[in-house]
Amino acid sequence: MPADQNRPVDKLLASLQERAKELNCLYEVEQILARLDLPLVEAFQQAVEVIPPGWQYPDICRAMIEFGDEVFTNKGFRPTPWVQSSDIIVQDNVVGRLSVWYAEERPKEDSGPFLKEEERLIRTIAERLGHSILFHRMYETRQQWESASRELEAEKEDRWRAPIELLRR
């Protein structure tokens, strides 16, 4: 088969391989964030480790999550001019930022050195981070409410014990 006819197939195959990397990245982030037993700080640190393999140049890709006063990055992270970012939003408030950096310059793509699919991927991951933060907040609130309810029930029982004990005597 002539090389000219083989080229579109090679291009399609490379594109499909990139989409597969992006999906795997998204699945791994989802698995991490779905764990309720994992504190957010640990989930964020694990997430920055699984994000770079989803990008076109994983060997020089670094991720950073900023949340409140905390920053989570990969080893070897350093800011460069080649970055894409997306805000992490919870209930219409920006609570943090997800950024992906390339350590070295790469050829120009749709958005600097980044593909348009990577723009969508970073937005999706940032959105999922926001949902996870909200869910953890709601979960903690529920835990506190259940704890307060148990204390209130115990207090009610204590209030009735004294009069019952007095009647018993």
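Cut-off values and rules
Residues numbered from 1 in each chain as written. Predicted model: local features only at pLDDT ≥ 70, side-chain atom pairs only at ≥ 80, totals over all residues. Heavy atoms only, no water. Helix = DSSP H or I, 4+ residues; strand = E, 2+ residues; numbered from the N terminus. Rg over C-alpha atoms; globule rule 2.2 N^0.38 Å. Buried < 20%, exposed > 50% of the residue type's maximum accessible area, 1.4 Å probe, protein only. Contact = heavy atoms within 4.5 Å. Areas by Shrake-Rupley, 256 points an atom, 1.4 Å probe, with all protein chains shown as cover. pLDDT = per-residue confidence, 0-100. Pairing = 2+ DSSP bridges. Axes fitted to C-alpha atoms, helices over the stretch in contact; angles between N-to-C directions. Patch = residues over 30% accessible without salt bridge, like charges linked within 9 Å, V, L, I, M, F, W, Y side chains within 5 Å. Salt bridge = Lys/Arg side-chain N within 4 Å of Asp/Glu carboxyl O. Arc of directions from axis to C-beta. Core = buried A, V, L, I, M, F, W, Y, C linked by side-chain atoms within 4.5 Å. Phe/Tyr/Trp six-rings, centres within 6.5 Å; stacked < 30°, edge-to-face > 60°.

**Student:** Please explain the overall build of the protein chain as it appears in this structure.
**Tutor:** Looking only at helices and strands, one finds three helices and four strands in the protein chain. Starting at the N terminus and walking to the C terminus, you meet the elements of the protein chain as α-α-β-β-β-β-α. Taken against the 2.2 N^0.38 rule, which gives 15 Å for 169 residues, the C-alpha radius of gyration of the protein chain at 24 Å runs more than 25% over that of a compact globule. When each of the 169 residues of the protein chain is scored for burial, the buried share is 33%. Considering only intrachain contacts with a sequence separation of at least 6, the fraction spanning at least 24 residues in the protein chain is 62%. Looking at the protein chain as shown, the accessible area adds up to about 11,300 Å², and 53% of this sits on carbon and sulfur atoms.

**Student:** Would you mind showing me how to read the confidence of the model for the protein chain here?
**Tutor:** Caution applies to low-pLDDT regions: their predicted coordinates should not be interpreted in detail. When pLDDT is averaged across the protein chain, the result is 87; 91% of the residues are at 70 or more. Ranking the elements of the protein chain by mean pLDDT puts helix H3 (residues 116-168) last with 83 and strand E3 (residues 83-90) first with 97.

**Student:** Would you mind showing me how to read the sheet that holds strand E1 (residues 61-67) here?
**Tutor:** With respect to topology, four strands assemble into an open sheet ordered E2-E1-E4-E3, the strand pairing being antiparallel. The sheet is open, and its two borders are formed by strand E2 (70-73) and E3, each paired with just one other strand. Neighbouring strand axes in the sheet, compared pairwise and without regard to direction, differ in orientation by 15° on average. Taken together, the four bridges between E1 and E2 define a ladder with antiparallel strand orientation.

**Student:** What exactly am I supposed to notice about a nonpolar patch on the surface here?
**Tutor:** Where nonpolar side chains cluster on the molecular surface, the patch consists of Leu 36, Phe 135 and Tyr 139 and spans about 260 Å² of accessible area. The residue Leu 36 is located in the loop between helix H1 (3-33) and helix H2 (40-50) in this model.

**Student:** I tried to follow H2 on my own but got confused; where do I start?
**Tutor:** Note on helix geometry: an α-helix contains 3.6 residues per turn, so any two residues three or four positions apart are oriented the same way. Residues of H2 that are buried: Leu 40, Ala 43, Phe 44, Ala 47, Val 48 and Val 50. One face of H2 carries all of its buried residues, which in axial projection span an arc of 160°.

**Student:** Please clarify how unusual backbone geometry should be interpreted in this entry.
**Tutor:** Working note: non-glycine residues mostly have negative phi, and peptide bonds are mostly trans. In the Ramachandran plot, Gln 91 falls in the positive-phi region, its phi being about 50° despite a non-glycine side chain. With respect to the helices and strands, the residue Gln 91 is situated in the loop between E3 and strand E4 (93-102). Residues other than glycine seldom take positive phi values, yet Asp 92 does so here, at roughly 65°. For Asp 92, a relative accessible area of 77% translates into the label exposed.

**Student:** Before we go on, may I ask you to explain the nonpolar core in this structure?
**Tutor:** The tendency in soluble globular proteins is for nonpolar side chains to be buried as a group. Ranked by internal contacts, the top residues of the largest apolar core, which has 33 residues, are Ile 51, Trp 55, Ile 65 and Ile 125. Of all the secondary structure elements, the ones that give two or more residues to this core are H1, H2, E1, E3, E4 and H3. Setting aside anything within four residues of it in sequence, one finds Ile 65 in contact with Phe 44, Ala 47, Val 48, Glu 70, Val 71, Phe 72, Ile 88, Arg 97, Leu 98 and Leu 129.

**Student:** Before we go on, may I ask you to explain the packing of aromatic side chains in this structure?
**Tutor:** Each aromatic ring pair is specified by the distance between its two centres and by the angle formed by the two planes. Following the criterion strictly, the structure yields five aromatic pairs and no others. Consider the rings of Phe 44 and Phe 72, whose centres lie 5.6 Å apart with planes at 75°: the pair is edge-to-face. Here Phe 44 is found in helix H2, whereas its partner Phe 72 is found in strand E2, with 28 residues between them in sequence. Since its relative accessible area comes to 0%, Phe 44 is described here as buried. The class of Phe 72 is buried, set by a relative accessible area of 6%. Centroid distance Phe 77 to Trp 101: 5.5 Å. Interplanar angle 80°. Geometry classified as edge-to-face. Taken together, the positions of Phe 77 in the loop between E2 and E3 and Trp 101 in strand E4 put the pair 24 residues apart, joining distant regions of the chain. Judged by its relative accessible area of 12%, Trp 101 falls in the buried class. The rings of Phe 44, Phe 67 and Phe 72 are connected pair by pair, giving a single aromatic cluster.

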